Amino acid sequence: MYTGRNLDELSMVPLSGWDLEELSYHHYMMAQMSPLMNQQGVSLHQDLIHEIEGRKHQYQHHPSDLS
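About the criteria used
- Residues numbered from 1 in each chain as written.
- Predicted model: local features only at pLDDT ≥ 70, side-chain atom pairs only at ≥ 80, totals over all residues.
- Heavy atoms only, no water.
- Helix = DSSP H or I, 4+ residues; strand = E, 2+ residues; numbered from the N terminus.
- Buried < 20%, exposed > 50% of the residue type's maximum accessible area, 1.4 Å probe, protein only.
- Contact = heavy atoms within 4.5 Å.
- Areas by Shrake-Rupley, 256 points an atom, 1.4 Å probe, with all protein chains shown as cover.
- Core = buried A, V, L, I, M, F, W, Y, C linked by side-chain atoms within 4.5 Å.

A.B. asks: Explain the overall build of the protein here, please?
C.D. replies: The secondary structure content of the protein amounts to three helices and zero strands. For the protein, the succession of helices and strands along the chain, N to C, is α-α-α. Looking at the protein as a whole, 21% of its 67 residues are labelled buried. Here the analysis covers contacts within the protein between residues at least 6 apart in sequence; of these, 40% occur between residues at least 24 apart. Of the accessible surface of the protein, which amounts to about 5300 Å², a share of 55% is contributed by carbon and sulfur atoms.

Written as C-alpha cells, this is what we have:
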C-alpha cells in the first residue's frame with residue numbers, strides 16, 4: 001500500500017523533487033482515472049510520464065559507460 005505524499009502535498013513540489021515511488025503510484029492512479037480527468041489532470045499525467053522516462057534514460061547504463 002502506498003504511504004507517500006498525496007497530490008495536495010506534492011502540488012508545490014517540482015516533479016524533479018518527487019521520488020520514483022511517488023511518480024509511479026500517481027502515474028498508475030492517473031492512468032486508471034484518465035477517462036474522467038480534465039485537461040489539467042491530463043497535462044499533469046503527461047508531465048509525470050515524461051519525468052519517469054527521463055529518469056529511465058538518466059539511469060540506463062550503456063556498455064561503453066562501464067569501463
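A.B. asks: I keep staring at the environment of Ile52 and nothing clicks. Help me out?
C.D. replies: Along the polypeptide, Ile52 turns up in helix 3 (residues 39-59). Overall, the relative accessible area of 14% leaves Ile52 in the buried class. Residues Ile52 and Ser16, spaced 36 residues apart in sequence, show a C-alpha to C-alpha distance of 9.7 Å. Apart from residues no more than four positions distant in its own chain, Ile52 is found in contact with Leu23, Ser24 and His27.

A.B. asks: How should the nonpolar core be read in this particular structure?
C.D. replies: Burial of nonpolar side chains together is a common tendency in soluble globular proteins. Membership of the largest hydrophobic core is limited to seven residues, which are Leu10, Leu15, Trp18, Leu23, Met30, Leu48 and Ile52. Listing elements by their share of this core, those giving two or more residues are helix 2 (20-33) and helix 3. If near-sequence neighbours (up to four positions away) are discounted, Leu23 is found in contact with Leu15, Trp18, Leu48, Glu51, Ile52 and Arg55.

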